Amino acid sequence: MEFSTGFGWTRLPLLAAAFILGSVLTVSAQIIPPTAAAPDDEAETAATKAPDVNDPDVLKGIDVDKLDWSQLAVDAGTGIDPMAAKKRAQAAAKDGLDWSSNPNANGSSAVKVKQSVFSFWDTRIGADMTVTREPRTMSELLAQKATNGGSLPQSSGSAWATATAPGAGSIWDKTAVEARVDPGTEQSKIGASLIKSVPLSGDTSLTLQNGYSVNQQGTTAVPGIGGHITRNYETDQTAKVTLTDTGTSITAGQTLSTTDDKWLRKFGAEQKLFDNVTVSGSVGETSQGALNKSLTAGFKKSW
């Protein structure tokens with residue numbers, strides 16, 4: 001809820017102070033003044049309230065810069081509500097630097113970091129990394145080699161950037177641009193997608209998407225042989241029908257690249273079983289002629 005007043009926000013603290021001062025004076029006029037305290041009592045009270053250099057420092061060992069001051073951002077509309085304060089802190093962190101880490105089976109960690117740099121076009125940058133931990137003992141070294149087939153896992157990572165821009169009138173609704181660079185494998189990719197949404201009925205919609213991308217692969221130069229770069233151009237067309245009432249979506253599309261001599265078709269469907277749980281399956285052609293089939297289930301929960 002928003003309040004507006006002709007005095008402006010700069011005068012509200014003065015009005016609040018005047019109101020509090022008037023209330024205090026009114027209450028004070030109705031209270032019988034207490035009798036004067038004895039000199040000994042006054043001295044004892046002053047000695048009790050006076051700070052002492054020998055008092056323990058309550059902030060000792062606390063890094064003030066790392067305190068979550070957003071928990072104090074409570075307004076009159078929400079009151080002192082921990083859940084509301086947590087939601088405001090999460091909303092503030094959405095535009096800041098967001099880190100996440102998940103352990104892998106081989107002992108490494110999958111670390112993801114992203115940050116919003118321009119909210120108007122929803123522009124974000126980030127990195128996806130695989131971070132390994134150096135073994136500290138011989139037993140840890142042998143355990144990591146046994147888990148990874150006799151070799152130690154290596155750290156790697158790729159940097160990416162995404163942006164969603166407006167479309168071109170009635171031709172398409174929005175343009176999604178993505179770029180990714182992997183220095184370890186000398187791979188890079190840049191692509192753009194044109195997206196158009198068309199409502200079919202009250203609970204059914206059709207989304208059309210045309211994607212174009214360039215994949216670049218480099219090779220490291222060795223003595224006597226210079227490195228070279230190869231590029232692969234790819235385009236894909238996708239149509240997705242979404243049924244809002246049943247939580248069902250059906251997808252059909254095809255892909256063509258410079259490494260293939262024909263369109264490779266694909267078909268998929270996704271069904272929402274109940275809150276936060278979905279199951280999806282897909283069937284697609286491959287350049288070798290075999291079919292690529294997959295069936296996955298997912299659970300997503302935010303709080």
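Check the entry above for the structure.
Since we're looking at a predicted model, the values are computed, not measured.

Here's the deal with the overall build of the protein
Within the protein, the regular secondary structure consists of 4 helices and 12 strands. Partitioning the intrachain contacts of the protein with sequence separation of at least 6 by distance along the chain shows that 27% fall at a separation of at least 24. Of the roughly 22900 Å² of accessible surface on the protein, a fraction of 61% belongs to carbon and sulfur atoms.

Things to note about the environment of Gln237
Take Gln237: it is sitting in strand β8 (residues 229–243). Distance in space between the C-alpha atoms of Gln237 and Leu194 is 9.8 Å, their sequence separation being 43 residues. Sequence-distant contacts of Gln237, that is, excluding residues within four places in its chain, are made with Gln209, Asn210, Ala252, Gly253, Gln254 and Trp263.

As for the pairing of strand β4 (residues 156–166)
One ladder, built from 7 bridges, connects strand β3 (residues 123–131) with β4; its direction is antiparallel. Bridged to Ile125 within β4 is Ala161. With 8 bridges joining them, β4 and strand β5 (residues 174–182) adopt antiparallel strand pairing. Residue pairing in the sheet places Pro166 in a bridge with Lys174 of β5.

Things to note about the sheet that holds β4
If you walk across this open sheet you meet the 12 strands as β1-β2-β3-β4-β5-β6-β7-β8-β9-β10-β11-β12, and the pairing is antiparallel. Edge strands, defined here as strands with exactly one partner in the open sheet, are β1 (97–103) and β12 (291–299). Along the sheet, successive strands turn relative to each other by an average axial angle of 15°, direction set aside. In terms of strand pairing, strand β6 (residues 187–199) meets strand β7 (residues 204–218) through 13 bridges, oriented antiparallel. Along β7, the bridge assignment pairs Leu194 with Asn210.

Calculation criteria
Residues numbered from 1 in each chain as written. Predicted model: local features only at pLDDT ≥ 70, side-chain atom pairs only at ≥ 80, totals over all residues. Heavy atoms only, no water. Helix = DSSP H or I, 4+ residues; strand = E, 2+ residues; numbered from the N terminus. Contact = heavy atoms within 4.5 Å. Areas by Shrake-Rupley, 256 points an atom, 1.4 Å probe, with all protein chains shown as cover. Pairing = 2+ DSSP bridges. Axes fitted to C-alpha atoms, helices over the stretch in contact; angles between N-to-C directions.

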